[in-house]
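Each chain, written out:
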Amino acid sequence: MKKFMELVPKGVKVAAVVWMCAIVVLGIVAGCMFPHWGDSGTCHMGVVASVAIGAAGGLVMGVFMAAWTLCLGYVYADAKRRGMRPVLWTLIAALFPHLFGFLLYFALRQPMTPRCAKCGQPVTLDQRFCSWCGTPGPVIGGSEAGPGAPGAGSVPAV
Ligand SMILES: [Zn+2]
């Protein structure tokens, strides 16, 4: 969960909080505008009860919307660091109903993009050289034993 929050862009976190507050305020305003929500026959707590109901409803909605916003922010940041199209995937996650877009994203997302050791730009696994600075490509697993590898080749066969 901590990692999740670290990845979500700061602007999205701020937006989620603003969103949540706005919806709670909206709930309170709605409670004021519709004082009959709180009416229960003879009870004269009308307006106060309506505002409380509005605020509670707004809070539930607000928390839900904030969580959704944070998830979209996560998809955006995660797609970006994996070399996928962040805007496209954020839209897919946002527009598919019943969180199906999120499931699709997690099912189809690419493995983490390795980065060039020299310049830090993302490079794909099949690239032999960094397309940004020309450094020989990502060393992963070490299946190709280079000249500097210990063991193999260092002892001449007699
Ligand atoms: Zn590079």
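Rules used in this analysis
- Residues numbered from 1 in each chain as written.
- Predicted model: local features only at pLDDT ≥ 70, side-chain atom pairs only at ≥ 80, totals over all residues.
- Helix = DSSP H or I, 4+ residues; strand = E, 2+ residues; numbered from the N terminus.
- Buried ≥ 20, exposed ≤ 12 C-beta atoms within 10 Å, placed from the backbone.
- Contact = placed C-beta atoms within 7 Å.
- Core = buried A, V, L, I, M, F, W, Y, C linked by C-beta atoms within 7 Å.
- Axes fitted to C-alpha atoms, helices over the stretch in contact; angles between N-to-C directions.
- Parallel < 35°, antiparallel > 145°, perpendicular 65-115°, else oblique.
- Nonpolar A, V, L, I, M, F, W, Y, C, P; charged D, E, K, R; others polar.
- pLDDT = per-residue confidence, 0-100.
- Expected span 1.5 Å × (residues − 1).
- Left-handed = near helix turned anticlockwise from the far one by under 90°.

Draft legend 1. Spatial organisation of the overall build of the protein. Scanning the protein from N- to C-terminus turns up five helices and zero strands. Counting from the amino terminus, helix and strand elements in the protein follow one another as α-α-α-α-α. Burial status across the protein gives 21% buried among its 158 residues. A separation of at least 24 residues holds for 44% of the contacts in the protein among residues at least 6 apart in sequence.

Draft legend 2. Structural detail: the environment of Gly57. In this structure, Gly57 sits in helix 3 (residues 46–81). Along the backbone, Gly57 and Gly27 are 30 residues apart, and their C-alpha atoms lie at a distance of 6.5 Å.

Draft legend 3. Representation of unusual backbone geometry in the model. Unlike most non-glycine residues, His98 shows phi in positive territory, near 55°. Structurally, His98 can be placed in the loop between helix 4 (86–95) and helix 5 (100–108). Here Leu99, not a glycine, exhibits a phi torsion of approximately 60°, which is positive. The exposure class assigned to Leu99 is exposed, which follows from the 12 C-beta atoms found within 10 Å.

Draft legend 4. A look at the environment of Leu104. With respect to the element layout, Leu104 can be found in helix 5. The exposure class assigned to Leu104 is partly exposed, which follows from the 14 C-beta atoms found within 10 Å. For the pair Leu104 and Ile92, spaced 12 residues apart in sequence, the C-alpha separation works out to 8.4 Å.

Draft legend 5. Seen up close, the nonpolar core. If you look at the biggest cluster of nonpolar residues, it comprises 18 residues, and the most contacted ones within it are Leu70, Cys71, Leu72, Tyr74, Val75, Trp89 and Ala93. Leu72 has contacts with Thr90, Ala93 and Ala94, leaving out every residue within four places of it along the chain.

Draft legend 6. Representation of the packing of helix 4 against helix 5. For the pair helix 4 and helix 5, the least separation of the axes is 5 Å and the interaxial angle reads 140°. Here helix 5 runs oblique to helix 4, going by the angle between their axes. Of the residues in helix 5, those touching helix 4 at Trp89, Ile92, Ala93, Ala94 and Leu95 are Gly101, Phe102, Leu104 and Tyr105. Looking at the contact of helix 4 with helix 5 residue by residue, the classes come out as eight nonpolar, one polar and no charged.

Draft legend 7. Representation of the confidence of the model for the protein in the model. When the pLDDT values of the protein are averaged, the result is 80; 78% of them are 70 or greater. Model confidence for the protein, summarised as mean pLDDT per element, is weakest for helix 1 (residues 2–7) at 84 and strongest for helix 4 at 94. Every residue in residues 140–155 is under pLDDT 50, and counting partners more than four places away or in other chains gives three contacts.

Draft legend 8. Examining helix 2 (residues 10–33) more closely. The end-to-end C-alpha distance of helix 2, which contains 24 residues, comes to 35 Å, matching closely the 34 Å that a straight helix rising 1.5 Å per residue would cover. Those residues of helix 2 lying buried are Val12, Ala16, Met20, Ile23, Val24, Gly27, Ile28 and Gly31. Here the buried face of helix 2 lies against helix 3.

Draft legend 9. Structural detail: the packing of helix 2 against helix 3. It is at 7 Å that the axes of helix 2 and helix 3 come closest, and there the two elements cross at 160°. The orientation of helix 2 relative to helix 3 falls into the category roughly antiparallel. Between helix 2 and helix 3 lies a crossing whose hand is right-handed. Residues belonging to the contact of helix 2 with helix 3 are distributed by class as follows: 22 nonpolar, nine polar and one charged.

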